[in-house]
Amino acid sequence: MNKPTRQPPNASSTGIKGLVFDEPLLFEMGSPGRIAYSLPKYDVPEVELEAILPTAEIRDPIANFPELSELDVVRHFTRLSQWNFSIDTNFYPLGSCTMKYNPKVNNEMAALPGFAQHHPYTPEALSQGSLQLMFELQEYLKEISGMAHVSLQPAAGAQGELTGMLMIHAYHASQGTQRKKVILPDSAHGTNPATASLCGYSVIQIQSDERGLIDPNKLESMMDEETAAIMLTNPNTLGIFETDILKITEIVHNKGGLVYCDGANLNAVMGKTKMRAMGVDVLHFNLHKTFSTPHGGGGPGAGPVGIVDKLEPFLPKPVIEHTGGKYVLNRDRPDSIGKMKAFYGNFGILVRAYTYIRSLGPEGIKQVAEMAVLNANYIKASLDEHYHLPYNGPSLHECVFNDKRQLKNKVSTMDIAKMLIDYGFHPPTIYFPLIVKGALMIEPTETESKETLDKFIRTMKDIAKLAETKPEIFHDSPRMPVVSRLDEITAARNPKLKWKPEGLESKAT
Ligand SMILES: Cc1ncc(COP(=O)(O)O)c(C=O)c1O
């Protein structure tokens, strides 16, 4: 029988009243002969399997295979689904990941049979609607970023980076030079150096200054004609705008280098300014962050990439074009870096982004950035007396605290994150960016109401107080979810993936 097993750590302050049930595996449930279907009596003679199939093709019966009713199965999976945390259940302030609410109309549009059941091998002449949607989405992304061309192929931000850097590589090769280095700030997301080295470049790190920004003088001393590009993020992973961006892009261009901008933080600036105006040559968009598609669990996503004119010959092929009143896929692209993704990218994500942009319009897009920045600054100003802010300059859509104050009582960022789970919130991004020791990176996004932000702020203040008054209770949190504190290294290195029935020496190995 299911029994409630967990209690909130601090029942009076959490206000959590729901029950979380233990859930057995399907293999531990059921009763012999129970079934989940009822079919009419056979109207053909029954035959033995052996009479119609070769013995080698007949599977042995599976020992202890569960026999269940439809209700057993429905309740099992419904209860499991209730163990999940999602943006639809509560606040998900995952910094750098922009976990905003995803309006349901986006899903409805992606589920329209004309889109969802459109086979990618359908001839172009019969695919005009889908091609038009993709073409127009490219136009919107060009308008938002100021970039001259956009490819929708990449399936994630990281693949957008790879696509962009391959085009940079192809461009330098076409100039008869093969540059060897890429400069990256130490605040960069891990995918940036990984991408640069995957393209064969040595990664040269530039240390952020005391503002958390790139120092143009330092960059000038590092930039040379062996350097293919700088890969930066603006606003950077501290949520701070690179105020010297015009100087930075000029320094790089003066030596013949190109500027790659990681656009994962576009939520902070879209509709307010254009990346091209800052001298950016290549930009990737994370549609599954900025343009509302939910992400997590490895995908699916979409990381379109925008470029300046001089990189146009290298775009991944096919390129969607609009000529003579028709949408066509141009495959005749001799200098293209090739195909980056099967067919035309993750089409369902493109439909969602298109719907999102069309529903908001230019004014709505601008308001998104304004609200995202306002919300982050409200949290920052409300918590700065309680948590240490290692970089205290003006920030945009996210703010990065750390555990410096709480560590005095041996309460770490990990403890704070786990305690937040007991209060019903998803933890923020932790221990990133790497330049902040014990980072707690909070990004509320524009979709959260003041009530939600206030509840989160109250909780964070409560947690700061508990860290001073009852630091010992942190070590057992989270208590509320089905799985409490894991030994994360053992879980990653030694996962228990097999189940054995009761009575055998171990249940799970
Ligand atoms: C700043 C930044 N750049 C790049 C990426 C990579 O994007 P994706 O996860 O879509 O590959 C992320 C993802 O979290 C990010 O936060």
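Quick notes on the rules
Residues numbered from 1 in each chain as written. Predicted model: local features only at pLDDT ≥ 70, side-chain atom pairs only at ≥ 80, totals over all residues. Heavy atoms only, no water. Helix = DSSP H or I, 4+ residues; strand = E, 2+ residues; numbered from the N terminus. Buried < 20%, exposed > 50% of the residue type's maximum accessible area, 1.4 Å probe, protein only. Contact = heavy atoms within 4.5 Å. Areas by Shrake-Rupley, 256 points an atom, 1.4 Å probe, with all protein chains shown as cover. Lys, Arg positive; Asp, Glu negative; His and termini not counted. Charge placed at Lys NZ, Arg CZ, Asp CG, Glu CD. Pairing = 2+ DSSP bridges. Axes fitted to C-alpha atoms, helices over the stretch in contact; angles between N-to-C directions. Salt bridge = Lys/Arg side-chain N within 4 Å of Asp/Glu carboxyl O. Expected span 1.5 Å × (residues − 1). Near = heavy atom within 4 Å. Polar contact = N/O pair within 3.5 Å; in protein donor to acceptor, adjacent residues only side chain to side chain. Nonpolar A, V, L, I, M, F, W, Y, C, P; charged D, E, K, R; others polar. Parallel < 35°, antiparallel > 145°, perpendicular 65-115°, else oblique. Left-handed = near helix turned anticlockwise from the far one by under 90°. pLDDT = per-residue confidence, 0-100.

**Observations concerning the overall build of the protein**
Then comes step 1: Helix and strand content of the protein: 16 helices and twelve strands.
Then comes step 2: Within the protein, buried positions represent 47% of all 509 residues.
Then comes step 3: Here the contacts in the protein between residues at least 6 apart in sequence split such that 68% fall between residues at least 24 apart.
Then comes step 4: Summed over its atoms, the accessible surface of the protein is roughly 25,600 Å², and 55% of this surface lies on carbon and sulfur atoms.
Then comes step 5: Computing the positive centroid from 52 side-chain charges and the negative centroid from 58, the protein places the two 3 Å apart.

**Section: the sheet that holds strand E12 (residues 439-442)**
Then comes step 1: Judged by pairing direction, the sheet is antiparallel, and its three strands sit side by side in the order E10-E12-E11 without closing on themselves. The open sheet has two free edges, formed respectively by strand E10 (399-402) and strand E11 (429-430), since each of these has just one partner strand.
Then comes step 2: Taken together, the four bridges between E10 and E12 define a ladder with antiparallel strand orientation. Directly across from Asn402, in E12, lies its bridge partner Ala439.
Then comes step 3: Helix H12 (residues 347-383) contacts E10 and E12 of the sheet and is inclined by roughly 25° relative to E10.

**Concerning the side chain of Lys289**
Then comes step 1: Within the secondary structure, Lys289 sits in helix H11 (residues 287-290).
Then comes step 2: Summary of buried charges: Lys289 has no salt-bridge partner, and the nearest side chain of opposite charge, Asp262, is 6.6 Å away.

**Some points on helix H7 (residues 157-174)**
Then comes step 1: With 18 residues, H7 extends 26 Å from end C-alpha to end C-alpha; this agrees with the ideal 26 Å at 1.5 Å per step.
Then comes step 2: Residues of H7 that are buried include every one of Gly157, Gln159, Gly160, Glu161, Thr163, Gly164, Met165, Met167, Ile168, Ala170, Tyr171 and His172, and no others.
Then comes step 3: In the segment just after H7, Gly176 is the residue with positive phi, at about 80°.

**Some thoughts on the site of the ligand**
Then comes step 1: In the vicinity of the ligand there are 13 residues, among which Ser96, Gly157, Asp262, His288 and Lys289 approach most closely.
Then comes step 2: In the environment of the ligand, an oxygen atom lies 3.4 Å from a nitrogen or oxygen atom belonging to the side chain of His189.
Then comes step 3: Between Asn286 and the ligand, the recorded distance is 3.0 Å, taken from a side-chain N or O atom to an oxygen atom.
Then comes step 4: Of all the secondary-structure elements, those providing two or more residues to the shell around the ligand are H7 and H11.
Then comes step 5: Residue contributions to the shell around the ligand peak at three residues, all from H7.
Then comes step 6: By residue class, the composition of the shell around the ligand is four nonpolar, six polar and three charged.

**Observations regarding the packing of helix H14 (residues 413-422) against helix H15 (residues 450-469)**
Then comes step 1: Here H14 crosses H15 at 130°, and the two axes come no closer than 11 Å. Comparing their axes, H15 and H14 come out oblique. By crossing handedness, the relation of H14 to H15 is classed as right-handed. Of the residues in H15, those touching H14 at Ile416, Met419 and Leu420 are Phe456, Thr459, Met460, Ile463 and Leu466.

**Considerations on the confidence of the model for the protein**
In low-pLDDT segments, the atomic positions of the prediction should not be examined closely.
Then comes step 1: Across the protein, pLDDT averages 92, with 94% of residues at or above 70.
Then comes step 2: Predicted confidence is poor over residues 1-5, with pLDDT under 50, and the contacts of this stretch with residues over four places away or in other chains come to 13 contacts.

**Details of the side chain of Thr293**
Then comes step 1: Summarising the element assignment, Thr293 is placed in the loop between H11 and strand E7 (305-307).
Then comes step 2: Excluding residues that lie within four positions of it along the chain, Thr293 makes contacts with Asn102, Leu287, His288, Ile349 and Arg352.

**Some remarks on unusual backbone geometry**
Then comes step 1: The step from Lys317 to Pro318 runs through a cis peptide bond, and the omega angle for that step is 0°.
Then comes step 2: Relative to the helices and strands, Pro318 resides in the loop between E7 and strand E8 (319-323).
Then comes step 3: The linkage connecting Ser477 with the following residue, Pro478, adopts the cis geometry, with an omega of 5°.
Then comes step 4: The topology assignment puts Pro478 in the loop between H15 and helix H16 (488-493).
Then comes step 5: Despite not being glycine, Ser96 has its phi angle at roughly 75°, a positive value.
Then comes step 6: With respect to the helices, strands and loops of the structure, Ser96 is situated in the loop between helix H3 (70-81) and helix H4 (104-110).
Then comes step 7: Phi at Ser292 is positive, roughly 80°, even though this residue is not glycine.
Then comes step 8: In this fold, Ser292 is placed in the loop between H11 and E7.
Then comes step 9: When its relative accessible area of 1% is taken as the criterion, Ser292 is described as buried.

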